[in-house]
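The residues making up each chain are set out below.
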Amino acid sequence: VLDSGFQGLQAALGNTLPATVVSRSFRSDGNLNGGTEHGRRAAEVIHRLAPGAALTLVNFSTVTELSAAVDFLIEQRVDVISFSLGYVHNGPGDGTGAVNAIVSRATDAGIAWAVAAGNWAQQHYAATFRDTDRDGLHEFAPGVETNQRAFNAGDLITVSLRWDDVWGAACSDYDLELFGPDGGLVRASRGIQNCSGDPVESLQVLATRSGAYSVRVVEARSDVPKAFDLMVVGSPDRGGVLEFNVAAGSLSQPADHPAVVTVGALTATATREEAPY
C-alpha cells in the first residue's frame with residue numbers, strides 16, 4: 001500500500017489489520033503517520049477483501065520520495081501495489097510524465113498496480129478554446145466567461161490548466177485567473193510559454209471566505225485555438241461540483257498509465273452504477 005500516511009496504524013494492528021506488517025516511511029522526516037488516515041483505511045479495505053495477503057505499508061510526500069519508495073517495493077518483490085492517490089496534470093494525459101515513468105519501472109518488473117481513477121469527474125472541464133467576441137477569454141457558454149465552484153473558508157483550492165501542445169516545448173501561451181466570492185482577483189498564473197516549458201498553468205490558494213470562486217482561461221498567444229483541460233479541486237475534498245463540467249479526461253496521473261488497473265467507484269444504490277464523481 002503506497003500512500004501519504006498511515007495514522008492510527010498501531011491501534012489497527014491485530015484488529016482491522018494483520019498483527020504484523022512491513023512498514024517504511026520515505027518522507028524526509030520519517031513520519032509514517034503522515035498526518036492522514038488515508039493509507040491505513042486503504043490497507044484495511046485490502047485486508048478485509050484479502051485477509052491472507054501480506055501487507056507492506058510505505059508512505060511518501062514528494063515525487064522524489066515516491067521514486068525511492070517504488071524502488072524499495074521492487075526490491076521487496078511485492079506482487080501488487082495499491083495506489084489510491086493521484087496527481088493533477090503531471091504529464092500530457094497520455095500515460096507519460098514523471099510519475100508514470102516511476103510506475104513503469106515497477107510494471108516492467110512485473111508488479112501489478114491498482115490505481116484510483118480520481119474523484120474529479122465533476123471538477124473537470126474540457127473544451128477547445130472559444131472566443132467569439134475576441135476579448136481573449138474562453139466562453140464556457142454563450143456570454144459566460146467564468147466557471148465557478150463553491151468552497152469553504154480554509155479549503156486549499158487547486159486550479160490547473162493544461163492544453164494540447166508539445167510537452168516541454170509549448171509555443172502557445174494560456175493563462176489562468178481565480179476570482180473570489182466578492183469578484184476580486186485572488187490569484188493568477190501567467191507563466192510565459194515561448195516554445196519552452198510545459199503547456200500547464202496552475203495555482204494554489206487558501207480560501208479566506210466561503211462562497212463561489214470563479215475561474216477564467218485567458219489566451220495570451222496561440223496560432224490556433226487549443227483543446228484544454230481545466231481542473232478545479234479542493235482539500236479537503238467536499239465533493240463540490242464545477243458549474244460547467246466534463247467527465248471525459250478527468251483521470252489523474254498515474255491512472256492514465258496503460259499498464260495499470262484503474263479503479264473507479266460504484267453507487268451504493270440497489271442497481272449499482274458508476275458514481276457521478
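Our subject is the structure that appears above.
Residues numbered from 1 in each chain as written. Predicted model: local features only at pLDDT ≥ 70, side-chain atom pairs only at ≥ 80, totals over all residues. Heavy atoms only, no water.

For the rest of this paragraph, the subject is the overall build of the chain. Scanning the chain from terminus to terminus reveals four helices and 14 strands. Structurally, the chain occupies a C-alpha span of about 65 × 40 × 40 Å along its principal axes. When burial is assessed residue by residue, the chain has 43% of its 277 residues classed as buried. Taken together, the 19 basic and 32 acidic charged side chains of the chain have centroids lying 6 Å from each other. (Helix = DSSP H or I, 4+ residues; strand = E, 2+ residues; numbered from the N terminus. Buried < 20%, exposed > 50% of the residue type's maximum accessible area, 1.4 Å probe, protein only. Lys, Arg positive; Asp, Glu negative; His and termini not counted. Charge placed at Lys NZ, Arg CZ, Asp CG, Glu CD.)

Close approach of charged atoms allows side chains of opposite charge to pair. Tallying each qualifying case throughout the model produces ten salt bridges. Put simply, arginine 216 and glutamate 177 hold a salt bridge, and the shortest N to O gap is 2.8 Å. One end of the pair, arginine 216, is in strand E12 (residues 211-221); the other, glutamate 177, is in strand E9 (residues 173-179), with 39 residues separating them in the sequence. With relative accessibility at 24%, the residue arginine 216 sits in the partly exposed group. You can call glutamate 177 buried: its relative accessible area is 8%. (Salt bridge = Lys/Arg side-chain N within 4 Å of Asp/Glu carboxyl O.)

In spatial order, the strands read E7-E12-E9-E10; together these four strands make up an open sheet with antiparallel pairing. Across the chains shown, the open sheet's two edge strands, defined by having one partner strand only, are strand E7 (147-151) and strand E10 (185-189). Averaged over neighbouring strand pairs, the angle between their axes works out to 25° when direction is ignored. (Pairing = 2+ DSSP bridges. Axes fitted to C-alpha atoms, helices over the stretch in contact; angles between N-to-C directions.)

Here serine 28 lies in the loop between strand E2 (22-25) and helix H2 (38-49). By relative accessible area, which is 75% here, serine 28 ends up exposed.

Next up on the list: the sheet that holds strand E1 (residues 2-3). Spatially, the three strands line up as an open sheet ordered E1-E3-E2, and their pairing is parallel. Looking at which strands have only one partner, the edges of the open sheet turn out to be E1 and E2. The pairing of E2 with strand E3 (residues 56-59) spans four bridges and is parallel. Across the sheet, arginine 24 pairs through a bridge with valine 58, a residue of E3. Contacting E1, E2 and E3, helix H3 (residues 63-75) runs over the sheet at an angle of about 160° to E3. (Contact = heavy atoms within 4.5 Å.)

On to the side chain of histidine 138. As for its position among the elements, histidine 138 is in the loop between strand E6 (124-128) and E7. Engagement of the side chain of histidine 138 in a polar contact is seen with the side chain of tyrosine 125, the distance being 2.9 Å. Every residue in contact with histidine 138, bar those within four places of it in the chain, is listed here: Tyr125, Ala127, Thr128, Phe129, Arg130, Val144, Glu145, Val217 and Phe228. (Polar contact = N/O pair within 3.5 Å; in protein donor to acceptor, adjacent residues only side chain to side chain.)

It is worth spelling out the environment of glycine 35 at this point. Residue placement: glycine 35 occurs in the loop between E2 and H2. Under the relative-accessibility criterion, glycine 35 is labelled exposed at 59%. Through-space distance from the C-alpha of glycine 35 to that of valine 233 is 20 Å; in sequence the pair is 198 residues apart.

Note that every value here comes from positions in space, so none of it alone points to a role or purpose.
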